[in-house]
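So you can see what is in the structure, the chains are spelled out below.
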Amino acid sequence: MKTEQLVSTFIEYFEERAHRRIVGSTLLPPPGDPVLFTTSGMHPLTPYLEGRPHPLGRRLVNVQRCLRTTDLEEVGDATHLTVFEMLGTWSLGDYEGPLSLDWGYGLLTEGLGIDPGLLHATVFAGDSQIGPDTASLQLWQDRGVPVELTVEDNWWSNGPVGPCGPDSEIFLWSGDCPPESTPTRDDRWVEVWNHVMMTHRRLDEGSLVPLPQRNVDTGLGLERLASLLQGKSSVFECDVFDPWHRLVPTLWPLDEPSLRLVCDHLRSAIVVLGDGVRPANTGRGYVLRRLVRRVLTVLWRDDPSRGVDDLPVQLVEHTLDHFRQDMRPGDVLRLLLEEERRFRRLLERGRQVLARPRFQGRLTEEDFHYLHDTHGLPREMVTSLRQE
Ligand code: SER
């Protein structure tokens, strides 16, 4: 099943259950939001989860592009991407968690043909403030799906304050043998769909209060489920990466982890540029800058003549089309190239400065500050230049 078809099956299934489709937002949260990028489908809906009536009603469905930098170090494994898409559904004070889970089970098994024997669920076990989620536990027991109870892993929040609640996660077995063990003990159980009973709000001083309405917020990782349905062993092999897989290895021979990082970060950088972010030393622009620099660092390890110049415009077009962004591909390439030149100049200057006698021994905190403030050399760059 192609990713596009998975999206339409999901949306139609929930439209048949009276959900209205909303248009996903860009990666940029509204002004005033302390978070740099949209990190999940619920993020742009926060005011409605907190009680403001949504113009399209109480049942919503969408596909939302998200960016997570918390997972940056995990990029390159089988399941993590920096920019990914999340299929989401919401009950804004309408139906409760068990119905959401039941529909989720129905879509996965009957709608998408997944063998129910390959599913595992996790459920909130309760802590000193909130009791166990017995309603979700009961639903899974009725459906014959094995359940693991956890505390921290089954409490979802989008940050230290704001809407949060217990969740029930659905895992799909990705191993070659029959399922064994449980999601927390065996990572062949891949989390595909999270159902959050968004019932509480965490206040600044850490206490929990009930939200004015009981919501359900669900998020399904599109590329993860697509790759499993397509029988692939990593998200990088699902169809959204087809042209990347075809073209990148012919440009730059890379080992598999480097290839994954390069594809992920370049594709993410294109989407971030397409949403209007420009490279900078702070905030969103710095995330973009780090993505590009990480790609170049990997490419230059074997051959410093490699660069963005080699990148075929089709990859940029494919990405902008996929995310329905109307920036011109040539402009994206120009900005990437400018950033590459800036990085080359900075590295050159860095090597010259670090060759000075003062920096030959162990560096002090004061040295790191001086190198950063006077020469624009971040600590991680200094460390890696000294290892050259
Ligand atoms: N907000 C939850 C998540 O991101 C479910 O959508 O996992």
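Our subject is the structure that appears above.
Overview of the structure. (Residues numbered from 1 in each chain as written. Predicted model: local features only at pLDDT ≥ 70, side-chain atom pairs only at ≥ 80, totals over all residues. Heavy atoms only, no water.)

## Comments concerning the packing of aromatic side chains
Where we set the bar: In this analysis, rings of Phe, Tyr and Trp, with Trp reduced to its six-membered ring, are considered paired at centre separations within 6.5 Å, and the interplanar angle assigns stacked below 30 degrees, edge-to-face beyond 60, and tilted for intermediate values. Summary of the burial criterion: residues with accessible area below 20% of their type's maximum are buried, those above 50% are exposed, and those between are partly exposed, where the area comes from a 1.4 Å probe applied to protein chains only. A positively charged side chain is recorded as over a ring if its NZ (Lys) or CZ (Arg) lies within 6 Å of the ring centre. The angle to the ring normal must also be within 35 degrees.
For the coordinates displayed, the defined rule picks out twelve aromatic pairs. Seen from their ring centres, Y13 and F14 are 5.2 Å apart, and the 75° between their planes marks the pair as edge-to-face. When sorted by exposure, Y13 lands in the same class as F14, which is buried. Here the basic side chain of R52 rests over the ring of Y48, its NZ or CZ set 5.5 Å away from the ring centre. In this structure, R379 is placed above the aromatic ring of F368, and the distance from its NZ or CZ to the ring centre is 4.2 Å.

## Remarks on the side chain of S268
Counted only if it meets this: Only DSSP runs of H or I covering at least 4 residues are called helices, and only runs of E covering at least 2 are called strands; the numbering of each starts at the N terminus. N or O atoms closer than or at 3.5 Å make up a polar contact, with two conditions inside protein: a donor-capable atom paired with an acceptor-capable one, and, for residues adjacent in sequence, both atoms drawn from side chains. When checking whether two residues touch, look at their non-hydrogen atoms; a contact exists if any pair is within 4.5 Å.
Assignment of secondary structure puts S268 in helix 7 (residues 256–274). A polar contact of 3.3 Å, which involves the side chain of S268, links it to the backbone nitrogen of V83. Among residues more than four places away in sequence, those in contact with S268 are T82, V83 and L291.

## Focus: the packing of helix 10 (residues 329–354) against helix 12 (residues 379–386)
What counts, and what does not: Axis angles are defined between N-to-C directions and span 0 to 180 degrees, where every axis is a line fitted to C-alpha atoms and, for a helix, only to the segment in contact. With the far helix as reference, a near helix turned anticlockwise by less than a right angle produces a left-handed crossing, and one turned clockwise produces a right-handed crossing. For this scheme, ten residues count as nonpolar: Ala, Val, Leu, Ile, Met, Phe, Trp, Tyr, Cys and Pro. Four count as charged, namely Asp, Glu, Lys and Arg, and the remainder, Gly too, count as polar.
Two elements in contact, helix 10 and helix 12, have axes separated by 10 Å at closest approach and are oriented at 65°. Helix 10 and helix 12 meet at a crossing whose hand is right-handed. Residues F343, L346, L347, G350, R351 and L354 of helix 10 touch helix 12, and the partners they reach there are M381, V382, L385 and R386. For the contact of helix 10 with helix 12, the class distribution of residues is seven nonpolar, one polar and two charged.

## Describing the site of the ligand
Inclusion rule: A cutoff of 4 Å decides nearness: a residue is near a molecule or strand if any of its heavy atoms lies inside that distance of it. Reported accessibility uses the Shrake-Rupley method at a 1.4 Å probe radius. Residues are deemed covered only where the shown protein chains occlude them.
The environment of the ligand is formed by S40, M42, R68, M86, W156, N194, V196, D217, T218 and G219. Between the ligand and N194, the relevant distance is 3.0 Å, taken from an oxygen atom to a side-chain nitrogen or oxygen of the residue. Within the backbone of G219, one N or O atom sits 3.0 Å away from an oxygen atom of the ligand. Within the complex, 96% of the 230 Å² of free accessible area of the ligand lies under protein. Looking at the shell around the ligand, the elements with two or more residues in it are strand 8 (189–202) and strand 9 (208–221). Taken together, the residues of the shell around the ligand break down into four nonpolar, four polar and two charged.

## Structural notes on the packing of helix 1 (residues 3–15) against helix 3 (residues 97–111)
What counts is decided by this rule: With respect to orientation, any angle under 35 degrees is reported as roughly parallel, any angle over 145 as roughly antiparallel, any angle of 65 to 115 as roughly perpendicular, and every other angle as oblique.
The N-to-C vectors of helix 1 and helix 3 enclose an angle of 130°; their axes lie 11 Å apart at closest approach. The orientation of helix 1 with respect to helix 3, classified from their angle, is oblique. Once helix 1 is placed against helix 3, the crossing between them reads as right-handed. The segment helix 1 lies against helix 3, with T9, F10, Y13 and F14 engaging W103, G106, L107 and G111. Of the residues assigned to the contact of helix 1 with helix 3, the class counts are five nonpolar, three polar and no charged.

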